[in-house]
Amino acid sequence: MKNTAQTEPFLVIGNWKMNGTRELLHKFACDLETTAPAGCTQVLCLPSVIIPNAVDALADHNIEIGGQNCSSHPSGAFTGEVSSTMLVEAGAKWVIVGHSERRTGFSETDEEVNSKADAAITGGLVPIICVGECSADREDGRHLDVILDQLAASTPSNLQLGEAVIAYEPVWAIGSGKSASEDQVREAHDAIAAWLKENLVPLPVLYGGSVKPDSAADLAAIRNVDGFLVGGASLDPASFKGIGTVSSETLSKAQR
Ligand code: 13P
């Protein structure tokens, strides 16, 4: 259970991955309240080409917009890449870096993730730096070592308070329909929070991996869970809204 005063908003961040249309943005604009659930900040991380559409469609809503990746370079001959300043110009405030789908599918290393986080901050974005073990790491009992090694190598050493967010996403829970257990989430989040406090600065730590409205209450109540990074359920306005509402209710009841 949470037992400290909650001062920062609980972050409910959707990652649409390679999904999303103007029609879906319109549906979100129609179905979502214009105000965020009490105590929550809502963010949608979108494919970069629809960010300006999202800014228009959701102009009346209390929803911030992010990208899903950015170049580690400010500009230049990098065909197909998008810089952090381009994302800012399109209307983004956030960007995901080092998602496991990019680490595995596009061979992104910790060092690249670190450079991307640095470039994001320089460009004016808040990077959401993702870490998380695969199932073999967990079966071998080395999940905490893997998570903390990734964290140490993927976070710029000069990070200041408020400049970034960490997302713990166990690879085996992503898209599986079943989130990690409360004990597994607690163990990982406590380890990440302790590492940050000792080695860097305290940063919010999100949980991601099959978060749904019906699992959000128990997960939001866990100490050191400061928000969610939501994939599949963020594509449905009712589910995305539900996760925020349930989290807000949980936070108001918990002794935080
Ligand atoms: P799911 O919520 O679909 O498991 O995806 C999690 C994720 O990868 C968010 O970045």
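Here the structure is a predicted model, which is why all the values come from computation and not from measurement.

1. A closer look at the sheet that holds strand E7 (residues 205-208)
Thought 1: Strand order around the closed barrel formed by eight strands is E1-E2-E3-E4-E5-E6-E7-E8, with parallel pairing between neighbours. Averaged over all adjacent pairs, the angle separating strand axes in this sheet is 25°, with direction ignored.
Thought 2: Inspection of the sheet shows E7 paired to strand E8 (residues 227-230) by three bridges, in the parallel sense. Bridging across to E8, Leu206 finds its partner in Gly227.

2. Focus: the pattern of salt bridges
A pair can form between side chains of opposite charge whenever their charged atoms are brought close.
Thought 1: Tallied over the full model, the rule gives 11 salt bridges.
Thought 2: Between Glu101 and Lys17 there is a salt bridge, with its nearest N and O atoms 2.8 Å apart. Taken together, the positions of Glu101 in helix H4 (residues 100-105) and Lys17 in the loop between strand E1 (10-15) and helix H1 (22-31) put the pair 84 residues apart, joining distant regions of the chain.
Thought 3: Using a relative accessible area of 35% as the deciding quantity, one classes Glu101 as partly exposed.
Thought 4: For Arg142, the salt bridge identified is with Asp140, shortest N-O distance 2.9 Å.

3. Some details on the site of the ligand
Thought 1: Lining the immediate environment of the ligand, one finds 13 residues, of which Lys17, His99, Gly175, Ser210 and Gly232 sit closest.
Thought 2: Taking Asn15, its side chain carries an N or O atom lying 3.0 Å from an oxygen atom of the ligand.
Thought 3: Between the ligand and the protein, one listed contact pairs an oxygen atom with a side-chain N or O atom of Lys17 at 2.8 Å.
Thought 4: Its free accessible area being 310 Å², the ligand has 96% of it covered by the protein chains.

4. Some details on the packing of helix H5 (residues 110-123) against helix H7 (residues 143-154)
Thought 1: For the pair H5 and H7, the least separation of the axes is 8 Å and the interaxial angle reads 45°. Classified by the angle between their axes, H5 and H7 sit oblique to one another. Only Asp149, Gln150, Ala153 and Ser154 of H7 make contact with H5, whose side of the interface consists of Asp110, Glu111, Val113, Asn114 and Ala117.
Thought 2: Broken down by class, the residue content of the contact of H5 with H7 amounts to three nonpolar, three polar and three charged.

5. Brief notes about the pairing of strand E3 (residues 63-67)
Thought 1: Counting buried positions along E3 yields four of five residues, so the element is predominantly enclosed.
Thought 2: Traced from strand E2 (residues 40-45) through helix H2 (residues 51-57) to E3, the parallel crossover comes out right-handed.
Thought 3: Where E3 meets strand E4 (residues 94-97), two bridges bridge the pair, whose relative direction is parallel. Paired with Gly67 across the bridge in E4 is Val95.
Thought 4: Regarding the hand of the β-α-β motif, the stretch spanning E3, helix H3 (residues 84-90) and E4 is right-handed.

6. What to know about the pairing of strand E6 (residues 165-168)
Thought 1: Both faces of E6 are covered, namely the face carrying Val165 and Ala167 and the face carrying Ile166 and Tyr168.
Thought 2: With helix H8 (residues 182-199) bridging E6 and the parallel E7, this β-α-β connection has right-handed handedness.

7. A short note on the nonpolar core
Thought 1: Ranked by size, the top nonpolar core spans 58 residues in total, and within it Leu44, Leu46, Ile166, Ile192, Leu196, Tyr207 and Phe228 carry the most contacts.
Thought 2: Apart from residues no more than four positions distant in its own chain, Leu46 is found in contact with Trp16, Leu25, Ile51, Ala54, Ile65, Gly66, Gly67 and Gln68.
Thought 3: In terms of nonpolar packing, the next biggest core, distinct from the first, is built from 12 residues, Ile13, Ile128, Val165 and Leu229 among them.

8. Observations regarding the environment of Ser71
Thought 1: Locating Ser71 in the fold gives a position in the loop between E3 and H3.
Thought 2: Owing to a relative accessible area of 3%, Ser71 belongs among the buried residues under this scheme.
Thought 3: When neighbours within four sequence positions are excluded, Ser71 is seen to be in contact with Glu81, Val82, Ser83, Lys116 and Ala119.
Thought 4: From its side chain, Ser71 meets the backbone nitrogen of His73 in a polar contact 2.9 Å long.

Rules used throughout
- Residues numbered from 1 in each chain as written.
- Predicted model: local features only at pLDDT ≥ 70, side-chain atom pairs only at ≥ 80, totals over all residues.
- Heavy atoms only, no water.
- Pairing = 2+ DSSP bridges.
- Helix = DSSP H or I, 4+ residues; strand = E, 2+ residues; numbered from the N terminus.
- Axes fitted to C-alpha atoms, helices over the stretch in contact; angles between N-to-C directions.
- Salt bridge = Lys/Arg side-chain N within 4 Å of Asp/Glu carboxyl O.
- Buried < 20%, exposed > 50% of the residue type's maximum accessible area, 1.4 Å probe, protein only.
- Near = heavy atom within 4 Å.
- Polar contact = N/O pair within 3.5 Å; in protein donor to acceptor, adjacent residues only side chain to side chain.
- Areas by Shrake-Rupley, 256 points an atom, 1.4 Å probe, with all protein chains shown as cover.
- Parallel < 35°, antiparallel > 145°, perpendicular 65-115°, else oblique.
- Contact = heavy atoms within 4.5 Å.
- Nonpolar A, V, L, I, M, F, W, Y, C, P; charged D, E, K, R; others polar.
- Right-handed = clockwise from strand over helix to strand, strands pointing away.
- Core = buried A, V, L, I, M, F, W, Y, C linked by side-chain atoms within 4.5 Å.

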